[in-house]
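Tertiary structure, described
Take a look at the letters that make up each chain.
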Amino acid sequence: MNNNFILAVNTSIYDGYNLETVFASIKRCGFNYFELAYNQGYVGNLNQDLFSEENANYINLLKSKYGLATLALGCTMDLSTDNLFEIFSPRLKFANLIGAKYINVCTTKLANKEKLITNLVSLKPLLQKYQCILCLENGGDYNFDAFIDVDDGVEILNQLDRKYYAINFDPGNMVTYNNQLNVIEEAIKSLPYCKHFHIKDVFVENEKFKFLSIGEGIIDYKTILLGIKERQLCCSLEIPLRIYRELDSTPKRYANKISINVIEETLIKSRTYIYNII
């Protein structure tokens, strides 16, 4: 294993399981890092209590118990919403308490881009206070089409302080939003602007986009992974097995959680594929 390559598990793959089960499984699969997926509309049971000091203390206890660490927190929601400063304040405090420096977020609809920029600027004092970097992620569905290709993301970044704002690129999202884009070229193009990277693979079955082990889908990750390694970017496996997207990118969620055996097999296969490349 390359000690300079930090690969985490995004907990969306465990949607429906309690944190003790999740952390024990992550460790069992050979990982040392996790990224909590506290994403609106993406996982079940998301509520403001998750961002409490009490929950941060609990997570820190589990981190110690299982020998895990975290560098990133998933906090996707519509960033053009009113009162974003008040909504994000407990999120960023929580991130600081658990040791997550990179806050991964999608943006908003293109029609709300002006409000998005205003809201992002307003968060800078919080990012300074809690020593976080807000990493904007390219959208995987039409709810977040203010940032689809890298040029969209750079245009937004150019209106912000690069010390506190960056990109979290997700090739899988690009495929599900517009599979005509050259995802390999766009991923490499994104790297100078990234502080974090989501590794996600996709395939099409029964007129749906579904997610699977890295290296088994549409995306050829070899060049991308070598670029991530060269820049020593933090990254995580974001493989939301309980989510699928319609061909028009509409996100849907299966009613039942995924078997823990399937989850662990997916993670171990993905980890093996990645480390065979790097």
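Residues numbered from 1 in each chain as written. Predicted model: local features only at pLDDT ≥ 70, side-chain atom pairs only at ≥ 80, totals over all residues. Heavy atoms only, no water.

An unreviewed UniProt entry annotates the chain as Sugar phosphate isomerase/epimerase family protein originating from Gallibacterium trehalosifermentans.

Right, let's talk about the overall build of the chain for a bit. What the chain contains, in helices and strands, is 10 helices and 12 strands. Taking 278 residues into account, the globule formula puts the C-alpha radius of gyration at 19 Å, and the chain, at 17 Å, falls close to it. Long-range pairs, those at least 24 residues apart, make up 78% of the contacts in the chain with a sequence separation of at least 6. In the form shown here, the chain has an accessible surface area of approximately 11,800 Å², with 46% of it arising from carbon and sulfur atoms. Distance between charge centres in the chain, computed from 29 positive and 32 negative side chains, equals 6 Å. (Helix = DSSP H or I, 4+ residues; strand = E, 2+ residues; numbered from the N terminus. Rg over C-alpha atoms; globule rule 2.2 N^0.38 Å. Contact = heavy atoms within 4.5 Å. Areas by Shrake-Rupley, 256 points an atom, 1.4 Å probe, with all protein chains shown as cover. Lys, Arg positive; Asp, Glu negative; His and termini not counted. Charge placed at Lys NZ, Arg CZ, Asp CG, Glu CD.)

Attention shifts here to the packing of aromatic side chains. In the structure shown here, the tally under the stated rule is seven aromatic pairs. Taking 5.7 Å as the distance between ring centres and 90 degrees as the angle between the ring planes, the aromatic pair formed by Phe 51 and Phe 94 counts as edge-to-face. Within this pair, whereas Phe 51 is found in the loop between strand E2 (33-37) and helix H2 (53-66), its partner Phe 94 is found in helix H3 (residues 84-98), the two being separated by 43 residues in sequence. Taken as a pair, Phe 51 and Phe 94 share a single burial class, namely buried. Between Phe 169 and Phe 197, the ring centres sit 5.9 Å apart and the planes meet at 50 degrees, which makes this aromatic pair tilted. Of this pair, Phe 169 sits in strand E6 (residues 165-169) while Phe 197 sits in strand E7 (residues 194-199), and the two are 28 residues apart along the sequence. Aromatic ring contacts, followed pair by pair, group Tyr 38, Phe 51 and Phe 94 into a single cluster. Here Arg 91 stacks its cationic end above the ring of Phe 88, 5.8 Å away from the centre of that ring. Lying across the ring of Phe 211, Lys 200 places its NZ or CZ 5.5 Å from the centre. (Phe/Tyr/Trp six-rings, centres within 6.5 Å; stacked < 30°, edge-to-face > 60°. Buried < 20%, exposed > 50% of the residue type's maximum accessible area, 1.4 Å probe, protein only. Lys NZ or Arg CZ within 6 Å of the ring centre and 35° of its normal.)

Attention now goes to the pattern of salt bridges. Here the structure, examined in full by the defined rule, presents 14 salt bridges. Glu 155 is paired through a salt bridge with Lys 113; the nearest N and O atoms lie 3.2 Å apart. Here Glu 155 is found in helix H6 (residues 150-157), whereas its partner Lys 113 is found in helix H4 (residues 113-122), with 42 residues between them in sequence. Judged by its relative accessible area of 41%, Glu 155 falls in the partly exposed class. A residue is classified by how much of its surface remains accessible, and Lys 113, at 15% relative accessible area, is buried. Between Glu 216 and Lys 269 there is a salt bridge, and its shortest N-O distance comes to 2.8 Å. With Glu 216 in the loop between strand E9 (208-212) and helix H9 (222-231) and Lys 269 in helix H10 (residues 260-277), this residue pair connects regions lying 53 residues apart in the sequence. (Salt bridge = Lys/Arg side-chain N within 4 Å of Asp/Glu carboxyl O.)

Within a sheet, neighbouring strands are paired by backbone hydrogen bonds and run either parallel or antiparallel to one another. Read around the closed barrel, the eight strands follow the order E1-E2-E3-E4-E5-E6-E7-E10; overall the barrel is parallel. Along the sheet, successive strands turn relative to each other by an average axial angle of 30 degrees, direction set aside. Bridging between E7 and strand E10 (residues 234-237) involves four bridges; their strand directions are parallel. Of the residues in E10, the one forming a bridge with Ile 199 is Leu 237. (Pairing = 2+ DSSP bridges. Axes fitted to C-alpha atoms, helices over the stretch in contact; angles between N-to-C directions.)

This part takes up the pairing of strand E3 (residues 69-74). By the bridge criterion, five bridges tie E2 to E3 in an arrangement that is parallel. Residue pairing in the sheet places Phe 34 in a bridge with Thr 70 of E3.

Let us look at the side chain of Glu 137. Tracing the backbone through its elements, the reader meets Glu 137 in strand E5 (residues 133-137). In this structure Glu 137 is buried but unpaired, with Lys 200 as the nearest side chain of opposite charge at 4.7 Å. One polar contact links Glu 137 to Asn 168, side chain to side chain, over a distance of 3.0 Å. Not counting residues up to four positions away in its chain, the partners in contact with Glu 137 are Asn 104, Val 105, Cys 106, Thr 107, Phe 147, Asn 168, Asp 170, Asn 173, His 198 and Glu 238. (Polar contact = N/O pair within 3.5 Å; in protein donor to acceptor, adjacent residues only side chain to side chain.)

Bringing H10 into the picture now. In this model H10 runs 26 Å from its N-terminal to its C-terminal C-alpha over 18 residues, within 8% of the 26 Å that 1.5 Å per residue would give. Tucked inside the fold, the buried residues of H10 contact strand E1 (7-10), helix H1 (19-28), E7, E9, H9 and E10. (Expected span 1.5 Å × (residues − 1).)

Turning our attention to the pairing of E9. Summarising burial for E9: four of the five residues are buried, a large majority. Where strand E8 (residues 201-205) folds back on E9, the antiparallel hairpin that results is connected by two residues, among which Asn 206 adopts a positive phi of roughly 50 degrees. In this sheet, strand E11 (residues 243-246) lies alongside E9 in antiparallel orientation, the contact comprising two bridges. Residue pairing in the sheet places Lys 208 in a bridge with Glu 246 of E11.

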